[in-house]
Amino acid sequence: RAGHLLATDIPEYDVKFSPNQLHNDQDRYEVAEQLAAALKLSFNTVLERVVGDGAADTYQPITAPGKQRIPQNVMESIKHISGVDFDMFYQRAYPDGQLAAQVLGFTQEQIGQYGIERQYDDLLQGTPGYASSVLYLPDVIADPSQYTEAIPGADVYLTLNRAIQKVAEDELAAATETYGAPSGQVVIMNPRTGEILAMANYPTFDPNNFSEIAEEP
């Protein structure tokens, strides 16, 4: 409602490095120091990856693919380093954390699992694009012979009022704790239009960390 962002995609990056960009040990040590400091990794681990395995034209992973991805601001801080490159991925993020979590649901591997995310998954996903190119060694790529532009997913607007939703969740949590109730629900509706202004459930969770949700006994 009113364009307030409840769920979005943010870029994250795997870091890789081309050892053939450096030609002496001093350069390798300096790059390893910079990367280790920025990525909060062991210097020796990074140095080993910067040196590489002797294959001159291959990129070496600096961060563990899929497990140590870095945010945009860290990527910006190291992109100037010679030989550093990135693979970009998108991670679903919920800026308000627990707010309306039961309504929104969450995604797993970019697939909607519950709530709005699941109900409108096809609409939110969009259509991937692709390009087919011819590669001439070494590292010369011809113009794409086939290209299909990606179609972005749609935006979904809810009738929830952020301020009312926050108050409903806070009051519900306080009431259930005061009276020792195991759970509770609140729905607030505009009787003139039927719009749902708040839909709160307790207990709730943070969709940014859905793996931490405790299972019911």
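Before any of the text, the structure's been laid out above.
How each quantity is defined
Residues numbered from 1 in each chain as written. Predicted model: local features only at pLDDT ≥ 70, side-chain atom pairs only at ≥ 80, totals over all residues. Heavy atoms only, no water. Pairing = 2+ DSSP bridges. Helix = DSSP H or I, 4+ residues; strand = E, 2+ residues; numbered from the N terminus. Salt bridge = Lys/Arg side-chain N within 4 Å of Asp/Glu carboxyl O. Buried < 20%, exposed > 50% of the residue type's maximum accessible area, 1.4 Å probe, protein only. Phe/Tyr/Trp six-rings, centres within 6.5 Å; stacked < 30°, edge-to-face > 60°.

Chemist: Would you take a moment to explain the sheet that holds strand β2 (residues 60-61) for this structure?
Modeler: In sheet architecture, strand pairing relies on hydrogen bonds along the backbone and comes in two forms, parallel and antiparallel. If you walk across this open sheet you meet the three strands as β2-β1-β3, and the pairing is antiparallel. Unpaired on one side and paired on the other, β2 and β3 (84-93) mark the two borders of the sheet. Where strand β1 (residues 8-17) meets β3, ten bridges bridge the pair, whose relative direction is antiparallel. Directly across from Lys16, in β3, lies its bridge partner Asp85.

Chemist: Is there a simple way to explain the pattern of salt bridges in this structure?
Modeler: Two side chains that carry opposite charge are able to pair once their charged atoms sit near each other. A complete count under the given rule lists seven salt bridges for this structure. In this structure, the salt-bridge partner of Lys79 is Glu76, at a minimum N-O distance of 2.7 Å. The exposure class of Lys79 is partly exposed, given its relative accessible area of 47%. Among the charged side chains, a salt-bridge network with shared partners connects Asp9, Arg92 and Glu117.

Chemist: Help me understand the pairing of strand β11 (residues 196-202) in this model?
Modeler: Put simply, side chains in a regular strand alternate between the two faces of the sheet. For strand β10 (residues 184-189) and β11, the ladder comprises six bridges, and the chain directions are antiparallel. Along β11, the bridge assignment pairs Val186 with Ala200. In this antiparallel pair of consecutive strands, β10 and β11, the connection spans six residues, and Gly194 shows a positive phi of 85 degrees.

Chemist: Just to check I follow, could you spell out the packing of aromatic side chains for this structure?
Modeler: To describe a pair of aromatic rings, you give the distance between the ring centres and the angle between the ring planes. One pass over the structure, following the stated rule, counts five aromatic pairs. The interplanar angle of 55 degrees and the centroid separation of 5.3 Å between the aromatic rings of Phe106 and Tyr114 together place this pair among those described as tilted. Arranged with centres 4.3 Å apart and planes meeting at 5 degrees, the rings of Phe106 and Phe210 form a pair that is stacked. With Phe106 in the loop between α4 (101-104) and β4 (107-108) and Phe210 in the segment after β11, this pair connects stretches of sequence that are 104 residues apart. Residue classification places Phe106 among the buried residues on the basis of a relative accessible area of 7%. Residue class for Phe210 comes out partly exposed when judged on its relative accessible area of 24%. Joined through ring pairs, the aromatic side chains of Phe106, Tyr114, Phe205 and Phe210 make up one cluster.

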